[in-house]
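# Observations on the model geometry
Okay, here's what each chain looks like letter by letter:
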Amino acid sequence: PYDVINFEIDLMKDLGVKIEHGRALHTEDITLEKMRNDGFAAAFIGIGNPEPKTIPIFDGLTEGDGYYTSKGFLPKVSRASKAGMCACKSELPEIYGSVIVLGAGDTAFDCATSALRCGAKRVFVIFRKGFINIRAVPEEAELAKQEKCEFIPFMSPQEVIVKNGRVAGMKFFRTEQDDDGKWIEDPDQVSTLKCDFVISAFGSGLYSAGIKDAMKPLDMNRWGTPEVDTLKMTTSEPWVFCGGDLAGVAETAVEAVNDGKIAAWSMHRYLQSLHNIHIDETPKFPNSILK
């Protein structure tokens, strides 16, 4: 409930936290270099993976054509269906007919059940691997199953079929595992499925050059995200800390919250060290610190 969220925000404000709206970590706004020059002693980055993963077959397609990403679809559903989410008068996305959802994580199943609530008659959840490889928590997958979503495993998207300027279907190759356990596509096994909408929900990442440049001089890993010591949530810059999806280890909201708690303790240790005060590496509750 949003009154609970607002209550927690008020608790932060009561502690002296200042919230700035309409700002972004980007070369056109906030950068680590600017923050350092402005005198900030420490920073925590928890922006998540802000951009959806896409594949070339979706290039040029828009929501008006019947193509959504999970990051475009779910926020629209939330704004229109959750009281207090938005002061504006938002409407649910107009979904009808058959919908293909690509992915097998929590977000994919959220998209599937939300599509039904937005007017879809049939929803197909399609993923590259088998049922034992579904990454979503069992409750999410079971809910989609109970709501009559249809699961189609071992399919890799190859082509979007467009008719009269709109999505009309998709073509897939069947996937299999070879003797070494590697997943491969078999072009001799082709399936075509008609649909009115496609929602891609197979992950997210950090691709914006403007955001990456704003995080300089942090060391980046091979995925283009900050290199993080996941036991302390520290980065290559002693004064910068990171957590959540961007750090690459949290798979649930609860784990992301824990990243923040670990980072807060590491930040506390760092700030105290600037004044030659040693703080134990093992995190402690606030009442333990005061004793």
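Residues numbered from 1 in each chain as written. Predicted model: local features only at pLDDT ≥ 70, side-chain atom pairs only at ≥ 80, totals over all residues. Heavy atoms only, no water.

### A look at the pattern of salt bridges
Counted only if it meets this: For salt bridges, the criterion is a side-chain nitrogen of Lys or Arg within 4 Å of an Asp or Glu carboxyl oxygen. Strands are runs of DSSP state E lasting at least two residues, helices are runs of H or I lasting at least four, and both sets are numbered from the N terminus onward. Relative accessibility decides the category of a residue: with a 1.4 Å probe and only protein chains considered, values under 20% of the type maximum give buried, values over 50% give exposed, and everything between is partly exposed.
Tallied over the full model, the rule gives eight salt bridges. With a closest N to O distance of 3.2 Å, Glu159 and Lys171 form a salt bridge. Separated by 12 residues along the polypeptide, Glu159 in strand β7 (residues 155-163) and Lys171 in strand β8 (residues 166-177) bring together distant segments of the chain. For Glu159, a relative accessible area of 35% translates into the label partly exposed. Relative accessible area serves as the criterion here: at 26%, Lys171 is assigned to the partly exposed category. Here Lys216 and Asp213 are joined by a salt bridge, their closest N and O atoms 3.5 Å apart.

### Section: the pairing of β8
We apply this condition: Note: two strands are recorded as paired if DSSP finds a minimum of 2 bridges between them.
Where β7 meets β8, eight bridges bridge the pair, whose relative direction is antiparallel. Looking at the pairing, Met155 lines up with Arg174 of β8. Connecting the antiparallel pair β7 and β8 is a turn made up of two residues, with Asn164 showing a positive phi of about 55°. Here β8 folds back onto strand β9 (residues 183-194), and the loop between the two strands holds five residues, one of which, Gly181, carries a positive phi near 85°.

### Structural notes on the nonpolar core
Where a protein is soluble and globular, its nonpolar side chains tend to be buried together. Rules: Within this scheme, the nonpolar core is defined by two criteria: the residues are buried Ala, Val, Leu, Ile, Met, Phe, Trp, Tyr or Cys, and they are joined through side-chain atoms within 4.5 Å. In what follows, a contact means two residues having at least one pair of non-hydrogen atoms within 4.5 Å.
If you look at the biggest cluster of nonpolar residues, it comprises 26 residues, and the most contacted ones within it are Phe73, Ile95, Val99, Val101, Val123 and Ile199. At the level of elements, α3 (70-81), β4 (98-102), α4 (106-117), β5 (122-126), α5 (138-146) and β10 (197-200) are the ones that each hand at least two residues to this core. Top contributing element to this core by residue count: α4, with five residues. Not counting residues up to four positions away in its chain, the partners in contact with Val99 are Ala115, Ala120, Arg122, Val123, Phe124, Phe197 and Ile199.

### Remarks on the sheet that holds β8
Quick note on the threshold: Axis angles are defined between N-to-C directions and span 0 to 180 degrees, where every axis is a line fitted to C-alpha atoms and, for a helix, only to the segment in contact.
Spatial ordering of the open sheet is given by β7-β8-β9, a layout of three strands whose pairing is antiparallel. Strands at the two margins of the open sheet, each flanked by one partner only, are β7 and β9. In this sheet, neighbouring strand axes are inclined to one another by 25° on average, regardless of whether the strands run parallel or antiparallel. Sheet topology places β8 next to β9; nine bridges connect them, and they run antiparallel. Note that in β9 the partner of Gln177 across the bridge is Trp183.

### Topic: the layout of surface pockets
Heads up, the rule is: Any residue with an atom within 4 Å of a point lines the site, the site being either a cavity, points on a 1 Å grid over the protein atoms alone where a 1.4 Å probe fits but cannot get out, or a pocket, an open set with protein on both sides within 12 Å along at least 5 of 7 lines. Grid points are joined across faces, edges and corners, and a volume is the space filled by probe spheres set on the points. Each residue is assigned to one class: nonpolar for Ala, Val, Leu, Ile, Met, Phe, Trp, Tyr, Cys and Pro, charged for Asp, Glu, Lys and Arg, and polar for all the others, Gly among them.
Quantified by volume, the second largest pocket comes out at close to 1900 Å³. Looking at the second largest pocket, it is lined by 42 residues, and the ones nearest its centre are Met12, Val17, Lys18, Ile19 and Glu20. Looking at the lining of the second largest pocket, the elements that each hand over two or more residues are α1 (2-14), α2 (32-37), β1 (43-45), α3 and α4. By residue number, the principal contributor to the lining of the second largest pocket is α1, which donates six residues. Here the lining of the second largest pocket is built from residues that sort into 26 nonpolar, seven polar and nine charged.

### Focus on the packing of α3 against α4
Each pair of packed helices can be summarised by the angle the axes make with each other and by the distance between the axes. Condition: Should an angle fall under 35 degrees it is taken as roughly parallel, and over 145 as roughly antiparallel, whereas 65 to 115 is taken as roughly perpendicular and any remaining angle as oblique. Left-handed describes a crossing whose near helix is turned anticlockwise from the far helix through less than a right angle; right-handed describes the clockwise counterpart.
Put simply, α3 and α4 touch, their axes get as near as 10 Å, and they point 50° apart. With respect to α4, the axis of α3 lies oblique. In this structure, α3 crosses over α4, and the sense of that crossing is left-handed. The segment α3 lies against α4, with Ser70, Phe73, Leu74 and Val77 engaging Thr107, Asp110, Cys111, Ser114 and Ala115. Per-class residue counts for the contact of α3 with α4 are five nonpolar, three polar and one charged.

### Remarks on the confidence of the model for the protein
For clarity, the threshold we go by: pLDDT measures the predictor's confidence residue by residue and takes values from 0 up to 100.
Here the protein averages 91 in pLDDT, while 95% of its residues score no lower than 70. Looking at the elements of the protein, mean pLDDT is at its lowest for helix α8 (residues 286-290), recorded as 60, and at its highest for β10, recorded as 98.

### Concerning the packing of aromatic side chains
To be explicit about the condition: In this scheme Phe, Tyr and Trp rings, the latter by its six-membered ring, pair at centre separations within 6.5 Å, and the angle between planes marks the pair as stacked below 30 degrees, edge-to-face above 60, and tilted otherwise. Each ring is checked for a lysine NZ or an arginine CZ that lies within 6 Å of its centre and within 35 degrees of its normal; such an atom marks a charge sitting over the ring.
With the rule as written, the count across this model stands at nine aromatic pairs. Each ring, one from Phe58 and one from Tyr67, has its centre 4.4 Å from the other, and the planes form 10°; the classification is stacked. Ring-pair connections join several aromatic residues into one group, and the members of that group are Tyr68, Phe73, Tyr96 and Phe197. Positioned above the aromatic ring of Phe197, the side-chain terminus of Arg166 is 5.0 Å from the ring centre.

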